[in-house]
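Structural overview for review
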Amino acid sequence: MVNEIILDKTAIKLDQYKEDIDNGLITVSIVFQVTSEDYHDIATLLYKGTFDINVPDRNLTFKGTIKQYYTSITNLYEKGQVGEYSLILQEIKRPERGQK
């Protein structure tokens, strides 16, 4: 079971994890909880869109981008709230040698 993913240097505890290969590229689907206290930091991170992705439980690292992203309707500006985030992250194809 995969319990954690690291986006850049931010560790995120997971509720769900699914891994696939899509057109030869790694795709991971994740679900996790975000508290109102962590909302700003997570939102700021996700706005970047592209990350160094590390899945320690699978010994997997790759550069990826958000393919799909949605949240529950919980208002995380209110103290004490928890929202559910769902992301699909896809590996970025690396250029072949000699290409830019």
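Residues numbered from 1 in each chain as written. Predicted model: local features only at pLDDT ≥ 70, side-chain atom pairs only at ≥ 80, totals over all residues. Heavy atoms only, no water.

Describing the packing of aromatic side chains
Per the stated rule, a full pass over the model turns up three aromatic pairs. Summarising the aromatic geometry, the rings of Tyr-69 and Tyr-85 are spaced 5.9 Å apart at their centres and angled 45° between planes, so their arrangement reads as tilted. With Tyr-69 in strand β6 (residues 60-71) and Tyr-85 in strand β7 (residues 82-91), this pair connects stretches of sequence that are 16 residues apart. For Tyr-69, a relative accessible area of 38% puts it in the partly exposed group. By relative accessible area, Tyr-85 is classed as buried at 3%. (Phe/Tyr/Trp six-rings, centres within 6.5 Å; stacked < 30°, edge-to-face > 60°. Helix = DSSP H or I, 4+ residues; strand = E, 2+ residues; numbered from the N terminus. Buried < 20%, exposed > 50% of the residue type's maximum accessible area, 1.4 Å probe, protein only.)

Things to note about the sheet that holds strand β5 (residues 50-55)
Backbone hydrogen bonds hold the strands of a sheet together, and the pairing may be parallel or antiparallel. Taken together, seven strands build an open sheet; the order of strands is β2-β1-β5-β6-β7-β4-β3 and the sheet is antiparallel. Of all strands in the sheet, those with a lone pairing partner are β2 (10-13) and β3 (16-22), marking the two edges. Ignoring strand direction, the axes of neighbouring strands in this sheet form an average angle of 35°. Across six bridges, the pairing between β5 and β6 is antiparallel. Bridge pairing in β6 links Asn-54 to Thr-61. (Pairing = 2+ DSSP bridges. Axes fitted to C-alpha atoms, helices over the stretch in contact; angles between N-to-C directions.)

Description of unusual backbone geometry
Phi is positive for Asp-8, which is not a glycine, with a value near 55°. Along the chain, Asp-8 turns up in the loop between β1 (4-7) and β2.

Here we look at the side chain of Gln-90
Assignment of secondary structure puts Gln-90 in strand β7. Setting aside its immediate chain neighbours within four residues, Gln-90 contacts Asp-22, Leu-25, Ile-26, Thr-27, Phe-62, Lys-63, Gly-64, Thr-65 and Lys-67. (Contact = heavy atoms within 4.5 Å.)

As for the nonpolar core
If you look at the biggest cluster of nonpolar residues, it comprises 22 residues, and the most contacted ones within it are Ile-5, Leu-7, Ile-12, Phe-32, Ile-53, Tyr-85 and Leu-89. Of all elements in the fold, only β1, β4 (25-35), α1 (39-47), β5, β6 and β7 reach the threshold of two or more residues within this core. Here the element with the most residues in this core is β4; it accounts for five residues. Excluding residues within four positions of it along the chain, Tyr-85 makes contact with Ile-30, Val-31, Phe-32, Val-34, Tyr-39, Ile-42, Leu-46, Tyr-69, Tyr-70, Thr-71 and Leu-76. (Core = buried A, V, L, I, M, F, W, Y, C linked by side-chain atoms within 4.5 Å.)

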